[in-house]
Amino acid sequence: MPMIAILAGDGIGPEVTAEARRVLSALSLDLSFGEAPVGGAAYHATGHPLPPETIDLAERADAILFGAVGDPSCDALPRHLRPEQAILGLRKRLGLFANLRPARLFAGLEDASALKPEIAGRIDMVILRELTGDVYFGEKGMRTTAGGLREGYDVMAYAEDEVRRIVTVGFEMARHRKRKLCSVDKANVLETSQLWRDVVIETAEDYPDIALTHMYVDNAAMQLVRDPGQFDVVVTGNLFGDILSDQASMCAGSIGMLPSASLRAWSGDNGLYEPIHGSAPDIAGQGKANPCAAILSAAMLLRHSLSMDAAADRIEAAVAAAIAGGARTADLGGTLSTRGMADAVLARL
Ligand code: IPM
Ligand code: MG
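These numbers come from a predicted model, not from an experiment. (Residues numbered from 1 in each chain as written. Chains lettered and ligands numbered in written order. Predicted model: local features only at pLDDT ≥ 70, side-chain atom pairs only at ≥ 80, totals over all residues. Heavy atoms only, no water.)

### Some points on the domain arrangement of the chain
Put simply, the rule reads: Boundary definitions for the domains trace back to an automatic or database domain assignment. Contacts: residue pairs with any heavy atoms within 4.5 Å of one another. Buried area counts how much accessible surface, traced with a 1.4 Å probe, disappears from two parts once they are put together, with both parts' losses summed. Pairing of N or O atoms within 3.5 Å defines a polar contact, subject to two protein rules: one partner must be a possible hydrogen donor and the other a possible acceptor, and residues neighboring in sequence count only if both atoms are side-chain atoms. Counting from the N terminus, the helices are DSSP H or I runs at least four residues long and the strands are E runs at least two residues long.
As far as domains go, the chain holds domain 1 (1-105 + 254-349) and domain 2 (114-123 + 134-251). Each of domain 1 and domain 2 was reduced to a C-alpha centroid, and the two centroids are 24 Å apart. Taken together, the contacts link 15 residues of domain 1 with 19 residues of domain 2. Taken together, both faces of the contact between domain 1 and domain 2 bury some 1,500 Å²; the carbon and sulfur share is 75%. The interface formed by domain 1 and domain 2 holds three residue pairs in polar contact (both at pLDDT 80 or more) in total. Breaking the side of domain 1 that touches domain 2 down by element, the ones donating at least two residues are helix 4 (84-93) and strand 4 (98-104).

As structure tokens, then:
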């Protein structure tokens, strides 16, 4: 029986993850669940944001359903003890280099988007974000300049094998979609990006059937608002992908709707699945958060880690039907609670 590790974490993480688990349980799929603390919750309970028992559960699990980490009460801690280190540590440790962040507009949410409805209606893309390299994992620290001033630094670097493996996932994914791949970089300024672009061009030789484009990240941010419908698969590095995926979520209606999958391979075992929204401490504990991103993350888990495609389709169709039927949490301009929104999805399963 497949075992799913539930790492609910901080802020709204526990609220939305509980609803995703209810949806999974409603499908009678013969799954077992294990739970462990992570992030600020784990720090407060054990003194570390990623305790050994949590790592152990994550490594044993067939898939991980992750909530969110981030807790303002931990902001003053040394960096290695901050909640965010838990998710960064899990990604690195489990080798989850490929982060799939699909952004599409559910019919009915045209007015929730920050864009004009006719522009928003065309968005149907996947941001493929590299997740275990870049400036996130380079050498970093605080030092003193020759003039005695404090200086913070973070080294940005990508080795060619790191680029090749994520870009290859991008080309493969494009083959399963509209055969369009846009690689986003900042090659006009950064050496890291020049290498990225060179490797993309080399890899493209094996994929003559894919229409490849390159775009600077500043232009990509602009194009995402001007005409998001032009994108199919976007492949980019860790930092650019972090920023562009939050932006894409608002183009598609709400950050409360966007799931993600973090994988070791294009078709991944043992992946980690999480909403992209984070812990949202301002609304935590109020039952206001939109559980759809977590519920849709559970659907991705079934598809990518457990090969339960039919069950994944059912969840996604139920979310689409609930939205089409007018179910709305506050982020979508409605009044439903977290539980009420999940009930609306469950009613359509
Ligand atoms: C995300 C989040 C994380 C990231 C934080 C919580 C470390 O913003 O998953 O997008 O920057 O990767
Ligand atoms: Mg982010």
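### What about the pairing of strand 5 (residues 124-130)?
Put simply, the test is: Per-residue accessibility, obtained with a 1.4 Å probe over protein chains only, is compared with the maximum for each type, and a residue is labelled buried under 20%, exposed over 50%, and partly exposed between these values. By this definition, two strands are paired if DSSP reports at least two bridges between them.
In terms of residue burial, strand 5 counts as a mostly covered element, since six of its seven residues are buried. Where strand 4 meets strand 5, seven bridges bridge the pair, whose relative direction is antiparallel. Bridge pairing in strand 5 places R104 opposite D124. Pairing of strand 5 with strand 10 (residues 233-236) involves four bridges; the strand directions are parallel.

### Some words on the side chain of N270
With respect to the helices and strands, the residue N270 is situated in the loop between strand 11 (261-263) and strand 12 (272-273). Among the polar contacts made by the side chain of N270, one reaches the main-chain carbonyl oxygen of A61 at a distance of 3.3 Å. Those residues in contact with N270 that sit more than four places away from it in its chain are A58, E59, A61, D62, A63, L96, R264 and S305.

### With respect to helix 4
Turning to helix 4, its buried residues are A86, I87, L88, L90 and R91. Positive backbone phi, approximately 70°, marks G95, located one or two places after helix 4.

### Brief notes about the pattern of salt bridges
It is possible for side chains bearing opposite charge to pair when their charged atoms get close. Going by this rule: One side-chain nitrogen of Lys or Arg within 4 Å of one carboxyl oxygen of Asp or Glu is enough to make a salt bridge.
Evaluation of the coordinates by the stated rule reveals 21 salt bridges. Among the salt bridges present, the one from R21 reaches E35, with a minimum N-O distance of 2.7 Å. Highlighted residues: R21 in helix 1 (residues 13-26) and E35 in strand 2 (residues 32-35), separated in sequence by 14 residues. You can call R21 partly exposed: its relative accessible area is 26%. Sharing partners across several salt bridges, the network here consists of E19, R22, R339 and D343.

### Here we look at the packing of helix 11 (residues 309-324) against helix 12 (residues 338-347)
Put simply, the rule is: Note on geometry: axes are lines fitted to C-alpha atoms, helical ones only across the stretch in contact, with angles between N-to-C directions running from 0 to 180 degrees. In these notes the angle categories are as follows: under 35 degrees is roughly parallel, over 145 is roughly antiparallel, 65 to 115 is roughly perpendicular, and the rest is oblique. Working rule for handedness: look at the near helix, and if it is turned counterclockwise from the far one by less than a right angle, call the crossing left-handed; if clockwise, right-handed. Lys, Arg, Asp and Glu make up the charged group, whereas Ala, Val, Leu, Ile, Met, Phe, Trp, Tyr, Cys and Pro make up the nonpolar group; the residues left over, Gly among them, are polar.
Remark: helix 11 packs on helix 12, axes separated minimally by 8 Å, with the N-to-C direction vectors making an angle of 115°. On the basis of the axis angle, helix 11 is roughly perpendicular to helix 12. Considering only the axes of helix 11 and helix 12, their crossing is right-handed. The residues of helix 12 that touch helix 11, namely those facing A318, V319, A322 and I323, are M341, A344 and V345. Taken together, the residues that form the contact of helix 11 with helix 12 break down as seven nonpolar, no polar and no charged.

### Examining the environment of G241
For G241, the position within the fold is in helix 9 (residues 238-251). With 133 residues separating them in the primary sequence, G241 and G108 have C-alpha atoms 27 Å apart. Residues in contact with G241, not counting those within four places in the same chain, are I127, R129 and T236.

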